[in-house]
Amino acid sequence: MTGTQDTNTNNIIPSLTEYALLGRSGLRVSPLCLGTMTFGTEFGWGSPKATAHRILDRYLEAGGNFVDTADFYTGGTSERIIGEYLAETGRRDDVVLATKFTLASPTRNPNAGGNGRTHALRALDASLRRLRTDHVDLYWLHAWDTLTPVEEVVRTLDLLVRSGKVRHVGLSDVPAWYFARAQTLAAQHGLEPICALQLEYSLVERTIEREHVPAAIELGAAICPWSPLASGLLTGKYSREGTAARGEGRFAAVQGEGIPIFDKFLTDRNWAIVEALRGVANELGQSLASVALSWITRRPGIGSTLIGATKLAQLDECLRALELEIPTELAARLEAASRPDSAHPYFFFEPAMQRGLAGGVTVRAEQPWYRPRG
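Residues numbered from 1 in each chain as written. Predicted model: local features only at pLDDT ≥ 70, side-chain atom pairs only at ≥ 80, totals over all residues. Heavy atoms only, no water.

### With respect to the overall build of the chain
The following threshold applies: Helical segments are the DSSP runs of H or I of at least four residues, strand segments are the runs of E of at least two, and each set is numbered from the N terminus. Working definition: with a 1.4 Å probe on protein chains only, accessible area under 20% of the residue-type maximum means buried, over 50% means exposed, and in between means partly exposed. In this analysis, two residues are considered to be in contact whenever any of their non-hydrogen atoms come within 4.5 Å of each other. The method behind every accessible area is Shrake-Rupley, applied with a 1.4 Å probe, and residues are considered shielded solely by the protein chains displayed.
Scanning the chain from N- to C-terminus turns up 13 helices and 14 strands. Across the 374 residues of the chain, 51% fall into the buried class. Taking the contacts inside the chain whose residues are at least 6 apart along the sequence as the reference set, 72% of them involve residues at least 24 apart. For the chain, the computed accessible surface area is about 17100 Å², with 52% contributed by carbon and sulfur atoms.

### Remarks on unusual backbone geometry
Cis peptide bonds are those with omega within 30 degrees of zero, and the linkage from His344 to Pro345 qualifies with 0°. Looking at the element boundaries, Pro345 is found in the loop between helix 12 (328–338) and helix 13 (351–357). With a phi angle near 45°, Thr74 is a residue other than glycine that sits in the positive phi range. Counting through the fold element by element, Thr74 comes out in the loop between strand 6 (66–68) and helix 2 (77–89).

### Section: the nonpolar core
Going by this rule: Here, nonpolar core means buried Ala, Val, Leu, Ile, Met, Phe, Trp, Tyr and Cys residues that are tied together by side-chain atoms lying within 4.5 Å of each other.
Within the largest apolar cluster, 98 residues are counted, with the highest numbers of intra-cluster contacts made by Leu22, Phe66, Leu171, Leu197 and Leu234. If you tally residues by element for this core, the top one is helix 10 (residues 288–297), at 7 residues. If we skip the residues at most four places from it in the chain, Leu197 touches Trp140, Leu171, Phe179, His212, Ala216, Ala221, Ala222, Ile223 and Cys224.

### Quick word on empty space enclosed by the protein
To be explicit about the condition: Put plainly, a pocket is an open set of points on a 1 Å grid over the protein atoms alone with protein on both sides within 12 Å along at least five of seven lines, a cavity is a set where a 1.4 Å probe fits but cannot get out, and a lining residue has an atom within 4 Å of a point. Grid points are joined across faces, edges and corners, and a volume is the space filled by probe spheres set on the points. The classification used treats Ala, Val, Leu, Ile, Met, Phe, Trp, Tyr, Cys and Pro as nonpolar, Asp, Glu, Lys and Arg as charged, and all other residues, Gly among them, as polar.
Counted under the stated rule, the structure contains 1 cavity of 30 Å³ or more. The volume enclosed by the largest cavity comes to roughly 30 Å³. Residue lining of the largest cavity: Leu56, Leu60, Val67, Ile82, Tyr85, Leu86, Val95 and Leu97, and that is the complete set. When contributions to the lining of the largest cavity are tallied by element, the ones reaching two or more residues are helix 1 (49–61) and helix 2. At 3 residues, the largest contribution of residues to the lining of the largest cavity is made by helix 2. Residue classes in the lining of the largest cavity are distributed as 8 nonpolar, no polar and no charged.

### Observations regarding the side chain of Ser127
Operational definition: Polar contact is defined as a pair of N or O atoms within 3.5 Å, subject to the rule that within protein one atom must be able to donate a hydrogen and the other to accept it, and that residues adjacent in sequence are counted only when both atoms are side-chain atoms.
You can see Ser127 is positioned in helix 3 (residues 117–131). Within the local environment of Ser127, its side chain forms a polar contact with the side chain of Glu79, the two groups lying 2.8 Å apart. Excluding residues that lie within four positions of it along the chain, Ser127 makes contacts with Asp71, Glu79 and Thr99.

### Considering the packing of helix 4 (residues 150–163) against helix 5 (residues 176–189)
We apply this condition: A fitted line through C-alpha atoms represents every axis, and for helices the fit uses only the stretch in contact; the resulting angles, taken between N-to-C directions, go from 0 to 180 degrees. Just so you know how the angles are binned, under 35 degrees is roughly parallel, over 145 roughly antiparallel, 65 to 115 roughly perpendicular, and the rest oblique. By the definition used in this description, the sense in which the near helix is turned from the far one sets the handedness, with an anticlockwise turn below a right angle giving left-handed and a clockwise turn giving right-handed.
As a packed pair, helix 4 and helix 5 sit with axes 10 Å apart at the nearest point and diverge in direction by 55°. By the criterion of interaxial angle, the relationship of helix 4 to helix 5 is oblique. Our pair here, helix 4 against helix 5, has a crossing hand that is right-handed. Of the residues in helix 5, those in contact with Val150, Glu151, Val153, Val154 and Arg155 of helix 4 are Tyr178, Arg181, Ala182, Leu185, Ala186 and His189. Each residue belonging to the contact of helix 4 with helix 5 can be placed in one class, and the counts come to 7 nonpolar, 1 polar and 3 charged.

### Focus on helix 10
Counted residue by residue, helix 10 has 10 buried out of 10 residues, so it is predominantly covered. Residues of helix 10 that are buried include every one of Leu288, Ala289, Ser290, Val291, Ala292, Leu293, Ser294, Trp295, Ile296 and Thr297, and no others. Tucked inside the fold, the buried residues of helix 10 contact strand 5 (32–35), strand 11 (222–226), helix 9 (268–284), strand 14 (305–307), helix 11 (312–320) and helix 12.

### A look at the state of the cysteines
Stated precisely, the cut-off is as follows: Cysteine sulfur atoms are paired as a disulfide whenever they fall within 2.5 Å.
Overall, the coordinates contain 0 disulfides when judged by the stated rule. Unpaired in this structure, Cys33 has its nearest cysteine sulfur neighbour in Cys224, at a distance of 6.7 Å.

### Concerning the environment of Arg339
Mapped onto the elements, Arg339 comes out in the loop between helix 12 and helix 13. Residues Arg339 and Arg206, 133 residues apart in the sequence, show an inter-C-alpha distance of 7.5 Å.

### Some details on the sheet that holds strand 8 (residues 136–141)
Each strand in a sheet pairs with another by means of backbone hydrogen bonds, the pair being arranged parallel or else antiparallel. What counts is decided by this rule: At least two DSSP bridges between two strands are needed for those strands to be called paired.
Here 8 strands make up an open sheet; going across it, the order is 11-10-9-8-7-6-5-14 and the pairing parallel. The open sheet terminates on both sides in strands that have one partner only, identified here as strand 11 and strand 14. Averaged over all adjacent pairs, the angle separating strand axes in this sheet is 30°, with direction ignored. Relative to strand 10 (residues 194–200), strand 9 (residues 166–172) runs parallel, the two being bridged by 4 bridges. Each residue of the ladder has a partner; that of Ser172, found in strand 10, is Gln198.

### Thoughts on a nonpolar patch on the surface
Heads up, the condition is: Within the patch definition used here, like charges are joined within 9 Å and nonpolar side chains (Val, Leu, Ile, Met, Phe, Trp, Tyr) within 5 Å, considering only residues with over 30% relative accessible area and no salt bridge. Salt bridge criterion: a side-chain nitrogen from Lys or Arg within 4 Å of a carboxyl oxygen from Asp or Glu.
The grouping of Phe43, Phe72 and Leu103 at the surface amounts to a nonpolar patch, some 250 Å² of accessible area in total. Take Leu103: it is sitting in the loop between strand 7 (96–101) and helix 3. A relative accessible area of 32% places Leu103 in the partly exposed class.

The following block contains the structure:
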């Protein structure tokens, strides 16, 4: 893989220029997407504007072209920082710019959040003002609100594309059945299809392999994993003390506050995965983060993996993961340590059960998502 020269450090920055189409769209994206939830310090952690602009510089210099934000991130500051950067540098056309809507603003207006058409249109216009642009290349529904009819959502997203304010659409943090329903409706009525799903996916969170990944491959959407380093747990920067984690960062700062994406990492299983990852990383002479990222970027159905950084060194470490190939035997060790427990009805699809369903013989599956256990 080629790279560009960092004139400040004389280091080679790995290239991100092996672009791929995002799902069945014509949108070309780099294999690592720069997530910007940490742009801004309003939530008590994150990067000030000057640091965020340097991170954007480094990412784009390396060949990255996919920048992801949301109207909710740091109260809108993330979008403002990106908008100021693109305006000052004149690089708007170099970037596949993505943002999200769903989460409510601090108001008692019941239509100031959720996925209804009223909020979606209002949220998009506000995001465009903060981003200083007349369109976004990808507009994500941030999360299923459990209320808005999927028919309204699909037609609203199509309306936004037809308006010219949005180029492509995606769904984040939705059930697999919801995505399948939305994609089927879009196909049935000639509406804009969903080109990508943004979902949590890492060595410690693999449940999307049961439904979302095969659905995405079958229905033409790319998976864009978020939190591939499990909020820092898979970087090795945290140590375990009893039932708590010790270390610097937002994971340590918010544990115990009932936030599921953080508290669920404090389990015996997940600490065992960290130790297995540490063993593989030591054998390869690589960082834990590089190995964890290399593992996930090569999983079936992956389009572009979101990475975040509050420091340039963290970004460089993420970029280097693209150069790492994990040997088969070491990848098998990570697979065994992190494999999700079998559950109904998925145990019916295990090799032993498949033989029973195929007259006592083994039939090799050709689906790209199929990964027999054991």
